[in-house]
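Working through the structure, step by step
Given next are the chains, with one letter for each unit.
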Amino acid sequence: MTDVVVAGGGLAGLVAARHLADEGLAVTLFERDDRLGGRVHSDHQNGFTFDRGFQVVFSSYPAVVAELDREALSLRPFAPGATLARPGRRTTVADPFADLVAGVRTLFNRDITVGDKLRVLRLRQELLRASAEELLDNDGQTIESYLEARGFSERFRERFAAPFYGGITLDRSLSSSRAVFEYTFKMLAQGTAAVPAAGMGAIPDQLAARAQTSGVTVETGTPVESVTPERQERGVTVETPAETVGADAAVVATDPESARELTGCERIPTAGRGCVTQYFSLPEHQQLDTGNRLLLNAADGRPNQVAVLSAAAPEYAPDGSHLLSATFLGEQSADNGSLAAEVAESLAAWYPEHSVAGLELLRTDRIEFAQFSQPPGFRSDLPDVDEPAGQVYLAGDYTEWSAIQGAMESGQRAARSVVETRSPPD
Ligand SMILES: Cc1cc2nc3c(=O)[nH]c(=O)nc-3n(C[C@H](O)[C@H](O)[C@H](O)COP(=O)(O)OP(=O)(O)OC[C@H]3O[C@@H](n4cnc5c(N)ncnc54)[C@H](O)[C@@H]3O)c2cc1C
């Protein structure tokens, strides 16, 4: 007997399934792929850990705090701030509250004006006081116009905000909603950006283990082909290639495109943003001095950013090697070799005193759909969790915002909605 079917085993589906099972319901989760985790995944090869694209988890995301055992993940943080790189020049931007010495160095960084430094500190104080929910709901402006209206200089926007928030929103033009900027700025002021020692895939692994401990039945390699609500709110029929399952309710927690197909819900956003991430090894003796910060391309977007993953998480590379990722935003028509040559050229220009002759391309991930587009006003267009007819509920980042936080929170909300409908609160 199944009370609730969950379609999709990404972060949203795993969280929803676990909460439903914790309420004593019999839950079956069907995942189309042979593995769980959806867009969050890691491969391990020859001692290297390759996440699917460059991803980090913010340790202060409320859903991360609520749903994950952060200690068991052994989070490996990047140092706060970033290194801004241009040909022949590197400077540091750091949070003086997190790292006093680097913060003082930031004071003398001529890539950012004194006025901008004061504006950052004021913004930090304001956002630390604001409620995270309110920040997300205030989404009617682009990041670019928001920063301009707050008086940030063009230099700050081009050299720091474009590559840093371009990396977060996969959009270097800063045309995404200010809500994403303010929310993530607040989270970074409250915590760190990190990767688990065993790779980002450890996040869904932990969620899956918790769901199964709560009693969820998980079937991978099983696509849900249809979800049909019965008349008069009487439950749902779910079809997979192997069986037809009757249940009281279904949570559709697939990617947006599949969710639209399964539910016919037109408000599900399907326009997306992608990226190309390349992984390189570098011999130990050629290690780049990054201060364990992200390297942002302050000159152009080729690539947008480089992360020395093994500086933050030594477990990501075998002894004697470093693992770097370089990310280009959007689809790229150039072949892997040409992109890798651009990365090598940029690194050589940023570190003229240093040889990167040992740089070796290990892998290229071309990710067509990483996040759904989040232009100003996007939040008011998102579908409600109970938008589909009958006992069909939506979970997935596309019901909140496109991030690990959005996905996990959507799972929590969908589970609450199912439970409240079964036994409405007094
Ligand atoms: C390259 C990249 C970088 C990112 N960077 C960050 C970052 O740094 N920080 C951050 O917070 N977020 C980041 N994100 C976004 C974040 O990973 C996503 O928002 C989140 O993982 C979405 O989770 P989800 O459960 O909503 O959807 P998904 O992960 O898309 O999961 C949906 C699942 O449904 C399955 N499915 C689809 N159709 C069916 C079907 N018919 N039947 C059964 N199963 C089906 C899919 O196989 C998949 O497993 C990034 C994403 C990518 C790809």
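Residues numbered from 1 in each chain as written. Predicted model: local features only at pLDDT ≥ 70, side-chain atom pairs only at ≥ 80, totals over all residues.

Points about the site of the ligand
- Around the ligand sit 35 residues in total, of which G8, G10, G38, G53 and A403 are the nearest.
- Sorting the residues of the shell around the ligand by element identifies α1 (11-22), β19 (360-372) and α15 (404-422) as the ones contributing at least two each.
- Broken down by element, the shell around the ligand gets its largest block of residues, four residues, from α15.
- Per-class residue counts for the shell around the ligand are 15 nonpolar, 14 polar and six charged.
- Both domains that meet at the shell around the ligand, namely domain 1 (4-40 + 201-270 + 380-422) and domain 2 (42-77 + 194-199 + 272-372), each give it at least three residues. (Near = placed C-beta within 6 Å. Helix = DSSP H or I, 4+ residues; strand = E, 2+ residues; numbered from the N terminus. Nonpolar A, V, L, I, M, F, W, Y, C, P; charged D, E, K, R; others polar. Domains from an automatic or database assignment.)

Overview of the sheet that holds strand β5 (residues 57-58)
- Overall, antiparallel pairing links the three strands, which are arranged β5-β9-β6 in an open sheet. Each edge of the open sheet is held by one strand with a lone partner, namely β5 and β6 (75-77).
- Of the pairings in the sheet, the one linking β5 to strand β9 (residues 193-196) comprises two bridges and is antiparallel in character. Counterpart to F58 in the pairing with β9 is A193. (Pairing = 2+ DSSP bridges.)

Some points on the packing of α1 against helix α10 (residues 202-213)
- Running from amino to carboxyl end, α1 crosses α10 at an angle of 20°, the nearest separation of the two axes being 9 Å. Classified by the angle their axes make, α1 and α10 are roughly parallel. Crossing of α1 over α10 shows left-handed handedness. Contact residues: α1 offers L11, L14, V15, A17, R18 and A21, while α10 offers P204, L207, A208, R210 and A211.
- Looking at side-chain class alone, the contact of α1 with α10 contains nine nonpolar, no polar and two charged residues. (Axes fitted to C-alpha atoms, helices over the stretch in contact; angles between N-to-C directions. Parallel < 35°, antiparallel > 145°, perpendicular 65-115°, else oblique. Left-handed = near helix turned anticlockwise from the far one by under 90°. Contact = placed C-beta atoms within 7 Å.)

Some remarks on the environment of A63
- Structurally, A63 is set in helix α2 (residues 62-67).
- Under the C-beta neighbour-count criterion, A63 is labelled buried, with 20 such atoms within 10 Å.
- Residues A63 and V15, spaced 48 residues apart in sequence, show a C-alpha to C-alpha distance of 9.7 Å. (Buried ≥ 20, exposed ≤ 12 C-beta atoms within 10 Å, placed from the backbone.)

What about the pairing of strand β18 (residues 321-329)?
- Across the nine residues of β18, nine count as buried, placing the element largely inside the fold.
- Residue alternation in β18 divides its side chains into two sets, S321, L323, S325, T327 and L329 and H322, L324, A326 and F328, and both sets are buried.
- As paired strands, strand β15 (residues 272-283) and β18 are joined by nine bridges and run antiparallel to one another. Residue pairing for β18: P283 is matched across the bridge by S321.
- Inspection of the sheet shows strand β17 (residues 305-308) paired to β18 by four bridges, in the antiparallel sense. The residue bridging A307 from the neighbouring strand is S325, located in β18.

Focus: the domain arrangement of the protein
- Once the domains are mapped, the protein shows domain 1 (4-40 + 201-270 + 380-422), domain 2 (42-77 + 194-199 + 272-372) and domain 3 (100-191).
- Placing a centre on the C-alpha atoms of domain 1 and another on those of domain 3 gives a separation of 34 Å.

Re the nonpolar core
- In this structure, V4, A16, A250 and V251 are the most contacted members of the largest nonpolar core, which totals 128 residues.
- Non-local contacts of V251, meaning those with residues more than four positions away in its chain, are made with V4, V6, A16, Y393, A395, A414 and V418. (Core = buried A, V, L, I, M, F, W, Y, C linked by C-beta atoms within 7 Å.)

Here we look at helix α11 (residues 256-263)
- Among the residues making up α11, those that are buried are P256, A259, L262 and T263. Along the axis of α11, the buried positions cluster into a sector of 125°, meaning they face one direction only.
- Downstream of α11 by one or two residues, G264 has phi in the positive range, about 70°. (Arc of directions from axis to C-beta.)

Re the sheet that holds strand β12 (residues 236-239)
- A sheet is described by the order of its strands in space; here three strands give the open sequence β11-β12-β13, paired in antiparallel fashion. Each edge of the open sheet is held by one strand with a lone partner, namely β11 (226-229) and β13 (244-247). Adjacent strand axes in the sheet meet at a mean angle of 20° when their direction is disregarded.
- Where β11 lies against β12, four bridges are found, and the strand directions are antiparallel. Considered in β12, the bridge of P229 is made with V236.

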